[in-house]
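Read off the chains here:
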Amino acid sequence: MAHGTGHSAGTTGRKARHPGGAAVAAVAVLALAVTTAGCQAQPANGSPAATSSPPKTSAAATDDAKPSATASKPAASPTTSKPAPQGKTLMATGSQGKQVRDLQARLRQIGHFGRTPTGYYGTLTVAAVQSFQGKRGLSRTGRTDTLTWQKLLAMTRTPTAAELNPPTSRPVAKPDKRCLTGRVLCISKNSQTLAWMIDGQVVSAMDVRFGSQYTPTRDGTFSVYWKSRHHVSTIYHTAMPYAMFFSGGQAVHYSPDFAARGYSGASHGCVNVRDEGKIAALFDQVRTGDKVVIYW
């Protein structure tokens, strides 16, 4: 969410619900434009981008999300001789799905992938595969070919469900008392976790991050007023998949940038989720009107 629009978005959104003349109608039009604008990732300590010149970044950005042209180049082979063929490429930059998640979990078992699986083959996965290939005397292409895959299978075991889809990499905070009744997205800024709770029981949990000091995520009690599965920010022209709006233009949504950079980045006020599979399941369960509690 662009800095300076958050307060007005929340205020005008409330006025739009109580029609009362031409002035209110005009405010409602403005509110719709702002609330659909959404927010965009930015450096954790950086100043917000100018809204007059939004970045033209891709919606599916970096690990994982699509790497930059520089980052995606595989490391040069340490020898000048042509490497031996390693077979058919099975997975590479841009691949996604269960097999990628399996690859990441196996690489993590033997110390080559230092994070939870995301199911997206981006820059971090390329680097992890290159590390594995280098240790095994293979050409460091960063692509998972048949030979690389077979060597990895021989060295690892089938990942458990918890390894493939860990509940969260951070301990879930003790829920705020406002989260103990009804259907609630219980979001702790202190633990940086979201717990989906129904009548006081945690149904699922996931890692989240928030806005920077310049574009903070609002604290308080809200409700989901609009869901948009394939939402695109009208300010930054970037995708906000599985968006669940709760306060003006602020929403809970999947962030490829968060999946790629982790907590070194920040949003423009939204609550970013790093695991696409988890928020996709959450999106299907949450209803309009469900409570959102954001607390420290």
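None of these values were measured; they are calculated from a predicted model. (Residues numbered from 1 in each chain as written. Predicted model: local features only at pLDDT ≥ 70, side-chain atom pairs only at ≥ 80, totals over all residues. Heavy atoms only, no water.)

Visitor: Go over helix H3 (residues 98-109) with me, naming the residues and quoting the values.
Guide: Taking 1.5 Å of rise per residue, 12 residues should cover 16 Å, and H3 covers 17 Å from first to last C-alpha, within 8% of that figure. Three or more residues of H3 are buried, namely Val100, Arg101, Asp102, Leu103, Gln104, Ala105, Arg106 and Leu107. In this structure, the buried residues of H3 make contact with strand S2 (89-91), helix H4 (123-135), strand S3 (144-145), helix H5 (146-155) and helix H6 (161-164). Backbone geometry just downstream of H3 places Gly111 in the positive-phi region, at approximately 80°. (Helix = DSSP H or I, 4+ residues; strand = E, 2+ residues; numbered from the N terminus. Expected span 1.5 Å × (residues − 1). Buried < 20%, exposed > 50% of the residue type's maximum accessible area, 1.4 Å probe, protein only. Contact = heavy atoms within 4.5 Å.)

Visitor: How would you sum up the packing of aromatic side chains? Please name residues and give values.
Guide: Throughout the structure, instances matching the rule amount to 5 aromatic pairs. A centroid spacing of 5.1 Å and a plane angle of 20° characterise the contact between Trp226 and Phe245, whose relative ring orientation is stacked. Linking Trp226 in strand S8 (residues 226-232) with Phe245 in strand S9 (residues 239-247), this pair joins segments that are 19 residues apart in sequence. On the basis of relative accessible area, Trp226 is assigned to the partly exposed category, the value being 32%. A residue is classified by how much of its surface remains accessible, and Phe245, at 0% relative accessible area, is buried. Ring centres 5.8 Å apart and planes at 65° place the aromatic pair Tyr242 and Phe283 in the edge-to-face group. Of the two residues, Tyr242 sits in strand S9 while Phe283 sits in helix H8 (residues 276-285), which places them 41 residues apart along the sequence. The pair Tyr242 / Phe283 is uniform in exposure class, with both members buried. For the cation-ring pair, Lys227 lies above Phe283, with the distance from its terminal atom to the ring centre recorded as 4.4 Å. (Phe/Tyr/Trp six-rings, centres within 6.5 Å; stacked < 30°, edge-to-face > 60°. Lys NZ or Arg CZ within 6 Å of the ring centre and 35° of its normal.)

Visitor: Give me the lowdown on the environment of Asp145, citing residues and values where you can.
Guide: Here Asp145 is to be found in strand S3. The class of Asp145 is buried, set by a relative accessible area of 4%. Each C-alpha atom, one on Asp145 and one on Met91, is 6.9 Å from the other, the two residues being 54 residues apart in sequence. Once residues within four sequence positions are removed from consideration, Asp145 is found in contact with Gln86, Gly87, Lys88, Thr89, Leu90 and Gln133. A distance of 3.1 Å separates the side chain of Asp145 from the backbone nitrogen of Leu147, its partner in a polar contact. (Polar contact = N/O pair within 3.5 Å; in protein donor to acceptor, adjacent residues only side chain to side chain.)

Visitor: Account for the nonpolar core, with residues named and values stated.
Guide: In this structure, Leu185, Ile187 and Val252 are the most contacted members of the largest nonpolar core, which totals 24 residues. Among the secondary structure elements, those contributing two or more residues to this core are strand S4 (183-188), strand S5 (193-198), strand S6 (201-209), S9, strand S10 (250-254), strand S12 (271-273), H8 and strand S13 (291-295). Considering every element that reaches this core, the biggest residue donor is H8, with 4 residues. Not counting the four nearest positions on each side in its chain, Ile187 is found in contact with Thr193, Leu194, Val208, Phe210, Val252, Val271, Val292, Val293, Ile294 and Tyr295. In this structure, Leu107, Tyr121, Trp149 and Leu152 belong to the second largest nonpolar core, which totals 12 residues. (Core = buried A, V, L, I, M, F, W, Y, C linked by side-chain atoms within 4.5 Å.)

Visitor: So what about the pairing of S4? Which residues, and what values?
Guide: The element S4 is extensively covered by neighbouring structure, given that 5 of its 6 residues are classed as buried. Judged from the 6 bridges that link them, S4 and S5 form a sheet pairing that is antiparallel. By the bridge assignment for S5, Ile187 is matched with Leu194. Hairpin connection, S4 to S5: the antiparallel pair is bridged by 4 residues, and Gln192 has positive phi, about 60°. Relative to S13, S4 is paired through 5 bridges, and the arrangement is parallel. Directly across from Val184, in S13, lies its bridge partner Lys291. (Pairing = 2+ DSSP bridges.)

Visitor: Could you give an account of the side chain of Thr217, naming the residues involved and the relevant values?
Guide: Examined against the element boundaries, Thr217 turns out to sit in the loop between S6 and strand S7 (220-223). There is a polar contact of 2.9 Å between the side chain of Thr217 and the backbone nitrogen of Gly211. A polar side-chain atom of Thr217 sits 2.8 Å from the main-chain carbonyl oxygen of Gly269. Not counting residues up to four positions away in its chain, the partners in contact with Thr217 are Lys189, Phe210, Gly211, Phe246, Gln250, Ser267, Gly269, Cys270, Val271 and Ile294.

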